[in-house]
Amino acid sequence: MQTLELKFLNQENRVITFTLEDPIDPIDSEQVRDVMDQILASNVFFTTGGALEEKHSARIVERYVEDIEW
């Protein structure tokens, strides 16, 4: 399963991560930047370290899990 992680810095300079499951493939980096800018401009998210201040990074995380039969 793939997830898209959007990482921001808050007022205390801590990294805050939003995780989105099953992003549209292929990822459009320009669109990711635009969405992150919109999140910052909306100013609707508040953390224990204050409001989101700036973009930190974005990444795709892929995880493979296989159950072991007993």
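Draft legend 1. Molecular detail of the pattern of salt bridges. Taken as a whole and assessed by the stated rule, the structure comprises five salt bridges. Between Lys-7 and Glu-5 there is a salt bridge, and its shortest N-O distance comes to 3.6 Å. When its relative accessible area of 13% is taken as the criterion, Lys-7 is described as buried. Owing to a relative accessible area of 12%, Glu-5 belongs among the buried residues under this scheme. Among the salt bridges present, the one from Glu-30 reaches Arg-33, with a minimum N-O distance of 2.7 Å. A residue pair is termed a helical-turn pair when its members lie 3 or 4 positions apart in one helix, as Glu-30 and Arg-33 do in helix α1 (residues 29–42) at three residues. The partly exposed category is assigned to Glu-30, whose relative accessible area is 42%. Here the salt bridges do not stand alone but share partners, grouping Glu-5, Lys-7 and Arg-59 into one network.

Draft legend 2. Quick peek at unusual backbone geometry. Here Asp-25 and Pro-26 are connected by a cis peptide whose omega angle stands at 0 degrees. Positive phi is not limited to glycine here, since Asp-22 has a value of about 50 degrees. Using a relative accessible area of 56% as the deciding quantity, one classes Asp-22 as exposed.

Draft legend 3. Representation of the nonpolar core within the structure. Judged by nonpolar contacts, Leu-4, Leu-6, Phe-8, Val-32, Met-36, Ile-39, Leu-40 and Leu-52 together constitute the single largest core of eight residues. Breaking this core down by element, the ones donating at least two residues are β1 (2–10) and α1. Tallying contributions element by element places α1 first for this core, with four residues.

Quick notes on the rules
- Residues numbered from 1 in each chain as written.
- Predicted model: local features only at pLDDT ≥ 70, side-chain atom pairs only at ≥ 80, totals over all residues.
- Heavy atoms only, no water.
- Salt bridge = Lys/Arg side-chain N within 4 Å of Asp/Glu carboxyl O.
- Buried < 20%, exposed > 50% of the residue type's maximum accessible area, 1.4 Å probe, protein only.
- Helix = DSSP H or I, 4+ residues; strand = E, 2+ residues; numbered from the N terminus.
- Core = buried A, V, L, I, M, F, W, Y, C linked by side-chain atoms within 4.5 Å.

Remember that the coordinates give geometry; whether it matters functionally is a separate question.
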